[in-house]
Amino acid sequence: MISLDQHKDTLNQSGIEMLELCRKQLEDTREAFFNHDSDLAEEVLHKENRVNALDLRIDRDCERFIALHTPVASDLRFVLALRKINFDLERIGDHAYGISNYIVDVDIPVDQKYLDALQVNEMFDAAISMYEDIAEAYVQSSSKKSRKVFKKEKSLNKINMKSFKIIAEEVKKDPQSIEQLLLLFSVIKKLERIGDLITNIAEEIIFYREAEVVKHKKKK
Amino acid sequence: MSKTEKEGVIDPAIKRKQKLEAKNIRVFYDDFEAIKGIDMTIKANKVTAFIGPSGCGKSTFLRLFNRMNDYVDGFRLEGEISIDGKNIYKKKVNVEQLRKQVGMVFQKPNPFPKSIFENVAYGLRIQGIKDKAFLQEKVVDSLKQVALWDEVKDDLNKNALTLSGGQQQRLCIARTLAVEPSIILMDEPTSALDPISTSKIEELIFELKNKYTIIIVTHNMQQAGRVSDYTAFFYLGELIEYDSTKKIFTNPAKKQTENYITGRFG
């Protein structure tokens, strides 16, 4: 027999494992992207299987936890939050996979001036910084740390909002650049989605810790 | 109006909407203080669950509402229990009349060794009702209310002890309903039943709350979550937390409540 606390602890550890795995995927993707390192990008693609396997394991273990312990109150919030966090992390893994796939499949050198104009580096920085905050918030079960990401997401959104106009102007100036600009547009969209998913995770940690639903509300 | 009705605590005209109030209740069994100063209002036509570890005082508190503790040696009450604003512990209160209006269902089904019909008609007969047609109507009505009619309609003269545990418990509830109470107290009504019978009793509780105010003592947290509108958590003779069941089972205010409902103590 496994006690509720033991089971919960195992689930929590799996959540940390998933966080670490997806963090590595995201960081490797960034490195591969800026260094045109298709070997590292291949590695990210290869590791996607591990992300998927862990996703399935966590889902299965959450289901068993509910079936065996019929949790209530904070235990119930924990397992509900973990299922959603797991889903969001798996999606972050998918986006890292998507960007790495571009690096492997679409072998176009990207002009530094476009990277600078579109602030791709800053976007990666913001996404990874948000990810670090959320990983820390999860490990420490801290809703205060979770709230830090709401501000950072705004800066990510700002860059994303500007990108459309910049890309349109650059294409007009140099129609030959359309391929690499479209590639960058896709990368920016994926980074913006990663920011959204990290925000979702922050909301779930707050729900678990404070029983407060902050989803679809204005964030302070 | 008969003498008994005059002395009853509940006005029959408004008996379907009874508010139960406990004010600064302390209960002693000789020197032992079983209930330590509880104030509580039970809402009418709702199901209220009393939860807490064994010995916490929840059954003692439940039994105050129909004065079942009066027979316990050394029992002493301080404070006031009122139904519809009337103190039920006043000397002039007719306790039999009170128990007619505040019915009780016990942990173990306790049908009398009589026929199914006589079990349900029992309360009415001791009230002196002899009208056969009226008795027949009340028995059928009560058995229908507890969803037992279809199972026993051809065997009303069969001994009630031949019924299954779940059927016996529903029969006991029918016996309680036959005398038209407005409040029903249930002391762990399904703890001796299998899951199917438990589920039938729980469905019944859900149906009955439209007409009755129900208080249920249960050790089954999931049952409290399923059937009740309000939950009260008792510990060591104190009322620790009393709130809507949704609140108690999703985000209780007190750590002690959380620890109990999540199985970490008790």
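How each quantity is defined
Residues numbered from 1 in each chain as written. Chains lettered and ligands numbered in written order. Predicted model: local features only at pLDDT ≥ 70, side-chain atom pairs only at ≥ 80, totals over all residues. Heavy atoms only, no water. Helix = DSSP H or I, 4+ residues; strand = E, 2+ residues; numbered from the N terminus. Buried < 20%, exposed > 50% of the residue type's maximum accessible area, 1.4 Å probe, protein only. Contact = heavy atoms within 4.5 Å. Buried area = accessible area lost by both parts, 1.4 Å probe. Salt bridge = Lys/Arg side-chain N within 4 Å of Asp/Glu carboxyl O. Pairing = 2+ DSSP bridges. Right-handed = clockwise from strand over helix to strand, strands pointing away. Axes fitted to C-alpha atoms, helices over the stretch in contact; angles between N-to-C directions. Phe/Tyr/Trp six-rings, centres within 6.5 Å; stacked < 30°, edge-to-face > 60°. Lys NZ or Arg CZ within 6 Å of the ring centre and 35° of its normal.

Enquirer: How should I be thinking about unusual backbone geometry in this particular structure?
Expert: Excluding glycine, most residues fall at negative phi; most peptide bonds, likewise, are trans. Phi at Ser141 of chain A takes a positive value of approximately 50°, unusual for a residue other than glycine. Inspection of the secondary structure puts Ser141 of chain A in the loop between helix 5 (120-139) and helix 6 (143-173). At Glu180 of chain B, a residue that is not glycine, the phi angle is positive and equals roughly 55°. Relative to the elements of secondary structure, Glu180 of chain B occurs in the loop between helix 7 (165-178) and strand 7 (183-187). Given the relative accessible area of 31%, Glu180 of chain B is considered partly exposed.

Enquirer: What's the story with the interface of chain A and chain B in this structure? I'm lost.
Expert: Often, the extent of an interface is quoted as the loss of accessible area on bringing the components together. The interface is formed by 11 residues belonging to chain A together with nine residues belonging to chain B. For the chain A and chain B pair, buried surface summed over both sides reaches about 760 Å², with 42% attributable to carbon and sulfur atoms. Looking only at chain A, the three residues that lose the most surface to chain B are Thr70, Val72 and Ala73 of chain A, adding up to 50% of its buried area. On the surface where chain A and chain B come into contact, there are two salt bridges.

Enquirer: I would appreciate a short explanation of the side chain of His95 of chain A in the present structure.
Expert: Residue and element names in this part refer to chain A. Within the secondary structure, His95 is located in helix 3 (residues 73-105). For His95, a relative accessible area of 8% translates into the label buried. Excluding anything up to four places from it in sequence, His95 contacts Lys190, Arg193, Ile194 and Leu197.

Enquirer: Can you walk me through helix 4 (residues 116-126) of chain B in this structure?
Expert: Helical periodicity: at 3.6 residues per turn, an α-helix aligns residues three or four positions apart in one direction. All buried positions along helix 4 of chain B are accounted for by Ile116, Phe117, Asn119, Val120, Ala121, Gly123 and Leu124 of chain B. At the exit of helix 4 of chain B stands Gly128 of chain B, carrying a positive phi of roughly 90°.

Enquirer: Any chance you could explain the pairing of strand 7 of chain B here in plain terms?
Expert: Every other side chain in a regular strand lies on the same face of the sheet, so the side chains alternate between the two faces. Residues and elements named next belong to chain B. By the criterion of burial, strand 7 is predominantly enclosed, with five of the five residues buried. Covered by surrounding structure in strand 7 are Ile183, Leu185 and Asp187 together with Ile184 and Met186, the residues of both alternating faces. In the sheet, strand 6 (residues 102-105) pairs with strand 7 via four bridges, with the strands oriented parallel. Along strand 7, the bridge assignment pairs Met104 with Leu185. In this structure, strand 7 lies alongside strand 8 (residues 213-217), joined through five bridges in parallel fashion. Bridge pairing links Ile184 to Ile214 in strand 8. Chirality of the crossover, the property in question, places the unit of strand 7, helix 8 (residues 195-208) and strand 8 among those that are right-handed.

Enquirer: What exactly am I supposed to notice about the sheet that holds strand 3 (residues 47-51) of chain B here?
Expert: Pairing between the strands of a sheet is mediated by backbone hydrogen bonds and can be parallel or antiparallel. Residue and element names in this part refer to chain B. The strand order across the open sheet formed by six strands is 6-7-8-3-9-10, and the pairing between neighbours is mixed. Of all strands in the sheet, those bounded by a partner on one side alone are strand 6 and strand 10 (238-244). Neighbouring strand axes in the sheet, compared pairwise and without regard to direction, differ in orientation by 15° on average. Packing against the sheet, helix 7 makes contact with strand 6 and strand 7, and its axis sits at approximately 170° to strand 6. Across the face of the sheet, helix 8 comes into contact with strand 3, strand 7 and strand 8 while running at roughly 150° to strand 8.

Enquirer: Just to check I follow, could you spell out the packing of aromatic side chains for this structure?
Expert: By convention here, two paired aromatic rings are described through the distance between centres and the angle between planes. Evaluated as defined, the whole model comprises 14 aromatic pairs over all chains. Between Phe78 of chain A and Tyr208 of chain A, the ring centres sit 5.5 Å apart and the planes meet at 65°, which makes this aromatic pair edge-to-face. Residue Phe78 of chain A is located in helix 3, and its partner Tyr208 of chain A is located in helix 7 (residues 178-210); the two are separated by 130 residues in the primary sequence. Of the residues examined, Phe78 of chain A reaches a relative accessible area of 5% and is grouped as buried. Centre to centre, the rings of Phe50 of chain B and Phe61 of chain B are 5.8 Å apart; their planes meet at 50°, and the pair counts as tilted. You can see Phe50 of chain B sitting in strand 3 and its partner Phe61 of chain B sitting in helix 2 (residues 58-64), a full 11 residues away along the chain. Residue classification places Phe61 of chain B among the buried residues on the basis of a relative accessible area of 0%. An aromatic cluster is defined as three or more aromatic residues linked by ring pairs; in this entry it consists of Phe50, Phe61, Phe65 and Phe234 of chain B. Just above the ring of Phe78 of chain A sits the side chain of Lys8 of chain A; from NZ or CZ to the centre is 5.4 Å.

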